[in-house]
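# Observations on the three-dimensional arrangement
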Amino acid sequence: MTKRVVTLAHYYTSPEIQQMADKVGDSLELSLYAKEAQADIIVFAGVRFMAETAKILNPQADVVLPDAGSTCSLVTQTDVAALTQWRKRYPDHVHVSYINSSAEHKAVSDWIVTSRNVDDIIAHLYAEGKKVIFSPDRNMGGYLNYQYDYDMPLWSAVCEVHDKFNETALNEAFDAVPGEKYLIAHPESPLPVLKKADYVGSTSGMLNWVKNYQGGAKAVIFVATEDGILYNMGLARPDLDLRQAPIYAGCQCNSCPFMKMNTVEAVKRAQQGEGLHIDYLSPEQMDAARLPIERMLEFSQRYYA
Ligand code: 13P
Ligand code: SF4
């Protein structure tokens, strides 16, 4: 019998890969597609933690990552044994972890969040009188502490891509534009960059901001995130002057090496069943990691439905 293959791609993959996918989205959207997918094989053109999340949410499916090397610096910079020790220092806190984390990391978390719902979930926990620790992204956590006056203890890992955006290069780029200009940014960027932004949000949030843009037609819109999303923004609003924020003068070249391991050849091979099969998580590990993810999905359905 022919196997049903569903291909999912994150916005940070290159345009050719997005064109090969059944669904393209941000982390939250792809988790929901993976959960509902009626598929024998889910090809996940993204990075490993995303493929693991898909497997945890849809354990019957054979989830295949096209290139085994597609990791994420937020995962590689987090030693889970050390994280577990850190967590023990705050026994009366709720441990909220960003979805950019390994299955093992999720299993020692109380809540999982994505960049789309992190603000609302943490606000909800504070409103209930809870104290929160946040891992692994110190830029995202630092921004939340700054923006909402929280005092969350933070784990210290960064996205090696977003962490490269810097204020000096941005100021120079801004100065070179005489007229109207805007900055929209992903919360994995450093705080000085986020403080300058007109909008801070997830990849889908930024895409929606661009779709709904009503400002001047000649404005320059700088985008502080991975370059893949510029493709989707350009498709949605070909009339706008959209530019990736620079990481140094003249370089609009900030790309995630792990996302870009999803080449056309690797994705085609994965659709034939070749690649890293996410078959190494035990049922117990998956159950422990599923709990905080389901908590997030249930919250999202309740609040965003
Ligand atoms: P989103 O949650 O916005 O899709 O971001 C995922 C990611 O890896 C950002 O670097
Ligand atoms: Fe990880 Fe950053 Fe790449 Fe996203 S862009 S997958 S956070 S390294």
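Scroll up to find the structure.
It should be emphasised that the depicted structure is a prediction, and the values quoted were computed from it without experimental measurement.

Read from one edge of the open sheet, 3 strands run β6-β5-β7, paired in parallel fashion. Taken across any chain shown, the strands that pair with only one partner, and hence form the sheet edges, are β6 (111–113) and β7 (131–135). Here the strands of the sheet are splayed against their neighbours by 30 degrees on average, with no regard to which way each runs. With 3 bridges connecting them, strand β5 (residues 93–98) and β6 associate as parallel partners. Bridge pairing links Val96 to Trp111 in β6. Across the sheet, helix α7 (residues 118–127) lies against β5, β6 and β7, angled at about 145 degrees from β6, the strand it touches most.

Quick look at the pairing of strand β10 (residues 220–224) now. Of all 5 residues making up β10, 5 are buried, and the element is well covered by its neighbours. Burial along β10 is two-sided: the residues Val220, Phe222 and Ala224 and Ile221 and Val223 are all buried. Where strand β8 (residues 181–185) lies against β10, 5 bridges are found, and the strand directions are parallel. By the bridge assignment, Leu183 is partnered in β10 with Phe222. Pairing of β10 with strand β11 (residues 241–244), which is carried by 4 bridges, proceeds in the parallel orientation. Directly across from Val220, in β11, lies its bridge partner Asp241. In this view, the connection linking β10 to its parallel neighbour β11 by way of helix α12 (residues 228–236) has right-handed handedness.

This part takes up empty space enclosed by the protein. Here the structure, examined in full by the defined rule, presents 2 cavities of 30 Å³ or more. Counted as a void, the largest cavity has a volume near 260 Å³. When residues of the lining of the largest cavity are traced back to their parent elements, those giving at least two are α2 (27–36) and α3 (48–57). Taken as a whole, the second largest cavity holds about 40 Å³ of empty space. Every residue along the wall of the second largest cavity is listed here: Ser27, Leu30, Ser31, Phe44, Met50, Thr53, Ala54 and Ile99. At the level of elements, α2 and α3 are the ones that each hand at least two residues to the lining of the second largest cavity. Considered class by class, the residues forming the lining of the second largest cavity number 5 nonpolar, 3 polar and no charged.

With that settled, consider the pattern of salt bridges. For the structure shown, the criterion picks out 14 salt bridges. Here Asp241 ties to Arg243 by a salt bridge, and the two come within 2.9 Å at their closest N and O atoms. Among the residues examined, Asp241 registers a relative accessible area of 29% and is labelled partly exposed. In this structure, Arg302 and Glu298 form a salt bridge, with 3.1 Å as the shortest nitrogen-oxygen distance. With Arg302 and Glu298 both in helix α14 (residues 283–304) and 4 residues apart, this pair spans about one turn of that helix. Take Glu298: its relative accessible area is 40%, and that puts it in the partly exposed class.

Criteria and cut-off values
- Residues numbered from 1 in each chain as written.
- Chains lettered and ligands numbered in written order.
- Predicted model: local features only at pLDDT ≥ 70, side-chain atom pairs only at ≥ 80, totals over all residues.
- Heavy atoms only, no water.
- Pairing = 2+ DSSP bridges.
- Helix = DSSP H or I, 4+ residues; strand = E, 2+ residues; numbered from the N terminus.
- Axes fitted to C-alpha atoms, helices over the stretch in contact; angles between N-to-C directions.
- Contact = heavy atoms within 4.5 Å.
- Buried < 20%, exposed > 50% of the residue type's maximum accessible area, 1.4 Å probe, protein only.
- Right-handed = clockwise from strand over helix to strand, strands pointing away.
- 1 Å grid on protein atoms, 1.4 Å probe; cavity = no way out; pocket = protein on both sides within 12 Å on 5 of 7 lines; lining within 4 Å.
- Points joined across faces, edges and corners; volume = space filled by probe spheres on them.
- Nonpolar A, V, L, I, M, F, W, Y, C, P; charged D, E, K, R; others polar.
- Salt bridge = Lys/Arg side-chain N within 4 Å of Asp/Glu carboxyl O.

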